[in-house]
Amino acid sequence: MEQVMTTETVTTSVDDGVLTVTLARPGAHNALDRSTKTALRAALESAADDDSVRALLLLADGKNFCVGQDLAEHVSALEASPASAMDTVVDDYNPLVRALTAIDVPVVVGIQGACVGAGFGIALAGDIRVAGESSSFATAFAGIGLAADSGLSYQLVRLLGPSRATGLLMLGDRVPAAQALDWGLVHRVVEDDAVRATATELANRLASGPTAAFREITRLVHAPDTGLDDALDREAAAQRMLGQTTDHRAAVEAFLAKEKPRFVGH
């Protein structure tokens, strides 16, 4: 049974284990003002408190996914107090990214149009990204005299290496969807009008999968790079734990019986 909650800037719904969170400021290209950041954070944090959620789907209404910080609001903050105008990084963006990366179910992000600045950072904090063929990505910070936030300095180095990351942050070049796919910034590129359906299908597929295994995959992939020996030890610990789950036993039995496994998440 679908449950829907709506604020002025973010909508959420839960259906068959998928929590769908949608940015809903299409007239402002989903720029992140205070109310949007607050509502988005609350929606993401709710996923951690709901055991029925087995996948999270992050979408956006309108032509663009998210153009980053609402600059009109930022100008007002600068005029009011230059010393505290950037408090939003600590107060809003850091908690947002931490909330998203703390979710221990798969996170699928559907991206159309422009994905810029903090919007780019938020998208990279997901697990699987589906992009429309006319979408594009940019950092934008240096163009207004800033460096980076929302985890971009970390995510870009991790995904692209220091050279490409520095180039994107300093030059602010737009990365089109095809290049983003080639560089590994997105998992799949589809026709623009298929983004929502494709991302939803993937989220539904993941929600019906082995949640415990997905959780361990995420931890393994994002573990600190401490060398092969440590990675082997982490994998062994994960496999030992997962080997005792109901999902593993049932899936092996289903395989031997030539049946489709049904995962319950533990």
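The shown structure was predicted, so the numbers you read here are calculated from the model rather than taken from an experiment. (Residues numbered from 1 in each chain as written. Predicted model: local features only at pLDDT ≥ 70, side-chain atom pairs only at ≥ 80, totals over all residues. Heavy atoms only, no water.)

1. Focus: the pattern of salt bridges
- Tallying each qualifying case throughout the model produces nine salt bridges.
- Among the salt bridges present, the one from Arg 196 reaches Asp 61, with a minimum N-O distance of 3.3 Å. Taken together, the positions of Arg 196 in helix α8 (residues 195–207) and Asp 61 in the loop between β4 (55–60) and α2 (71–80) put the pair 135 residues apart, joining distant regions of the chain.
- Of the residues examined, Arg 196 reaches a relative accessible area of 39% and is grouped as partly exposed.
- Taking the relative accessible area as the measure of exposure, Asp 61 reaches 26% and is therefore partly exposed.
- Between Arg 249 and Glu 253 there is a salt bridge; the shortest N-O distance is 2.7 Å. Residue Arg 249 and its partner Glu 253 are both found in helix α11 (residues 246–256); the two are separated by four residues, about one turn of the helix.
- With a relative accessible area of 56%, Arg 249 lands in the exposed category.
- Here Glu 253 falls in the partly exposed class, since its relative accessible area comes to 43%.
- Salt bridges linked by common partners bring Arg 25, Asp 33 and Asp 70 together as one network. (Salt bridge = Lys/Arg side-chain N within 4 Å of Asp/Glu carboxyl O. Helix = DSSP H or I, 4+ residues; strand = E, 2+ residues; numbered from the N terminus. Buried < 20%, exposed > 50% of the residue type's maximum accessible area, 1.4 Å probe, protein only.)

2. Comments concerning the packing of aromatic side chains
- Counted by the stated rule, this structure contains one aromatic pair.
- A centroid spacing of 5.5 Å and a plane angle of 45° characterise the contact between Phe 120 and Phe 137, whose relative ring orientation is tilted. Of this pair, Phe 120 sits in helix α4 (residues 118–124) while Phe 137 sits in strand β8 (residues 136–138), and the two are 17 residues apart along the sequence. Each member of the pair, Phe 120 together with Phe 137, is buried. (Phe/Tyr/Trp six-rings, centres within 6.5 Å; stacked < 30°, edge-to-face > 60°.)

3. Thoughts on the domain arrangement of the protein chain
- Its domain assignment divides the protein chain into domain 1 (10–208) and domain 2 (211–257).
- The C-alpha-based centres of domain 1 and domain 2 are spaced at 28 Å.
- Contacts between the two partners involve seven residues from domain 1, matched on the other side by five residues from domain 2.
- Both sides of the domain 1 and domain 2 interface together cover about 640 Å² of buried area, and 45% of this is carbon and sulfur.
- The interface formed by domain 1 and domain 2 includes one salt bridge.
- Run the count over domain 1 and domain 2 and you get two residue pairs in polar contact (both at pLDDT 80 or more). (Domains from an automatic or database assignment. Contact = heavy atoms within 4.5 Å. Buried area = accessible area lost by both parts, 1.4 Å probe. Polar contact = N/O pair within 3.5 Å; in protein donor to acceptor, adjacent residues only side chain to side chain.)

4. Digging into the sheet that holds strand β9 (residues 175–176)
- Here we have three strands laid out as an open sheet, ordered β6-β8-β9, and mixed in their pairing. Of all strands in the sheet, those with a lone pairing partner are β6 (114–116) and β9, marking the two edges.
- Bridge count between β6 and β8: three bridges; the pairing is parallel. Following the sheet pairing, Val 116 is matched in β8 by Ala 138. (Pairing = 2+ DSSP bridges.)

5. Comments concerning a nonpolar patch on the surface
- A grouping of Leu 71, Met 86, Ile 144 and Leu 146 is seen on the molecular surface, where their side chains present a nonpolar patch of about 330 Å² in accessible area.
- Assignment of secondary structure puts Leu 71 in helix α2. (Patch = residues over 30% accessible without salt bridge, like charges linked within 9 Å, V, L, I, M, F, W, Y side chains within 5 Å. Areas by Shrake-Rupley, 256 points an atom, 1.4 Å probe, with all protein chains shown as cover.)

6. A closer look at the packing of helix α9 (residues 211–221) against helix α10 (residues 228–242)
- Remark: α9 packs on α10, axes separated minimally by 11 Å, with the N-to-C direction vectors making an angle of 170°. Taken as axis vectors, α9 and α10 run roughly antiparallel relative to one another. Along the contact surface, α9 presents Ala 212, Ala 213, Glu 216 and Leu 220, while α10 presents Arg 234, Glu 235, Ala 238, Met 241 and Leu 242.
- Partitioning the contact of α9 with α10 into residue classes produces six nonpolar, no polar and three charged. (Axes fitted to C-alpha atoms, helices over the stretch in contact; angles between N-to-C directions. Parallel < 35°, antiparallel > 145°, perpendicular 65-115°, else oblique. Nonpolar A, V, L, I, M, F, W, Y, C, P; charged D, E, K, R; others polar.)

7. Some remarks on the packing of helix α1 (residues 34–48) against helix α3 (residues 87–102)
- Between α1 and α3, the least distance of the axes is 9 Å, while the angle of their chain directions is 30°. When the axes of α1 and α3 are compared, the pair comes out roughly parallel. Crossing geometry of α1 relative to α3 is assigned as left-handed. Between α1 and α3, the contacting residues are Arg 34, Lys 37, Leu 40, Arg 41, Leu 44 and Glu 45 on the first element and Thr 88, Asp 91, Asp 92, Tyr 93, Pro 95, Leu 96, Ala 99 and Leu 100 on the second.
- Considered class by class, the residues forming the contact of α1 with α3 number seven nonpolar, one polar and six charged. (Left-handed = near helix turned anticlockwise from the far one by under 90°.)

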